[in-house]
Amino acid sequence: MKKIIQGKVREVYEVSDKALVVVTTDRISAFDVILPSPVPGKGIVLNKLSSFWFNLTKDIVPNHMISEDLGDMPAEFQKPEFEGRTILVKKLKMLPYELIIRGYMFGSMWKSYKAGEPFCGHKIEGDYELAQKLEKPILTPSTKSSEGHDINISIEEMKADIGAELAEQIEDVCLKLFDRCCTYAAEKGIIIADTKLEFGLDEDGKLVLADEVFTPDSSRFWDAADYRVGTSPKSFDKQFARDWLIENKLDGVTPPPELPAEIIEKTREKYMECMKRIVG
């Protein structure tokens, strides 16, 4: 098969002029560096969660998933190593944005808020502490430069680029998706603090949800039982591995270091716990 994309975690193969196969690996990246230590089963977790959310939200917006049954894949993928981590998807004209929906005061938004600066065109009013829930979620688009780094833009800038009608549709869909999935996750004891979504257009020019959705790699998932305003909450994602790199002054270094076995195992447990809570 012709591999057309090798991302940090996913590999994308061209099946036809209308379909792609996406394989989610166990690779883990941190600080824009792929670490040499895979996390066993991570790719299956990401794939199962995305498939779950695609099915839960398909009445809000169509998505790119055609099938997750290996029997529907080309023969090259009908092997045990692809089971549970491979999906057949529609080929789309991808929009050049990452759409970040933020429901809590955290990360780069917290830094801007503390400095008294607007954030991606939003002026955040009110008194907030770290990790406090926002009065209402906000959408902060970003685009990528030729070097691959995210560049935050405002919704007004996105409107100027793709037109007000499509930009407003994207904003409406993003907020509806965030509300639906946050409500479901809350019932399972998980807070979705923020998430990243990507979209494309099909052959008819209709908006389609693509890539991964509401996974620990694309979102901040917090354990509701441990959540406290004013502190950095425990998360079900790769933050555990990132923290180890920071503590050992290995964040972003190349060549990237091997993770200790206990860090790999604890990271794996966090991903698995997230999947078990949400998917069952």
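Please refer to the structure higher up on the page.
Within the open sheet, the five strands sit side by side as S1-S2-S3-S7-S6. Their pairing is antiparallel. Taken across any chain shown, the strands that pair with only one partner, and hence form the sheet edges, are strand S1 (2–6) and strand S6 (65–67). Each neighbouring strand pair of the sheet contributes to a mean axis angle of 35°, computed without reference to strand direction. Alignment of S6 against strand S7 (residues 86–90), held across two bridges, turns out to be antiparallel. Directly across from Ser-67, in S7, lies its bridge partner Leu-88.

Summed over all chains, the structure comprises 12 aromatic pairs. In this structure an aromatic cluster arises from ring pairing among Phe-52, Trp-53, Tyr-184 and Phe-214. The side chain of Arg-242 reaches across the aromatic face of Phe-31, ending 4.3 Å from its centre.

Quick look at the environment of Gly-163 now. By the element assignment, Gly-163 lies in the loop between helix H3 (155–162) and helix H4 (164–187). Along the chain, Gly-163 and Gly-71 lie 92 residues apart, while their C-alpha atoms are 40 Å from each other.

So, how was this worked out
- Residues numbered from 1 in each chain as written.
- Predicted model: local features only at pLDDT ≥ 70, side-chain atom pairs only at ≥ 80, totals over all residues.
- Heavy atoms only, no water.
- Pairing = 2+ DSSP bridges.
- Helix = DSSP H or I, 4+ residues; strand = E, 2+ residues; numbered from the N terminus.
- Axes fitted to C-alpha atoms, helices over the stretch in contact; angles between N-to-C directions.
- Phe/Tyr/Trp six-rings, centres within 6.5 Å; stacked < 30°, edge-to-face > 60°.
- Lys NZ or Arg CZ within 6 Å of the ring centre and 35° of its normal.

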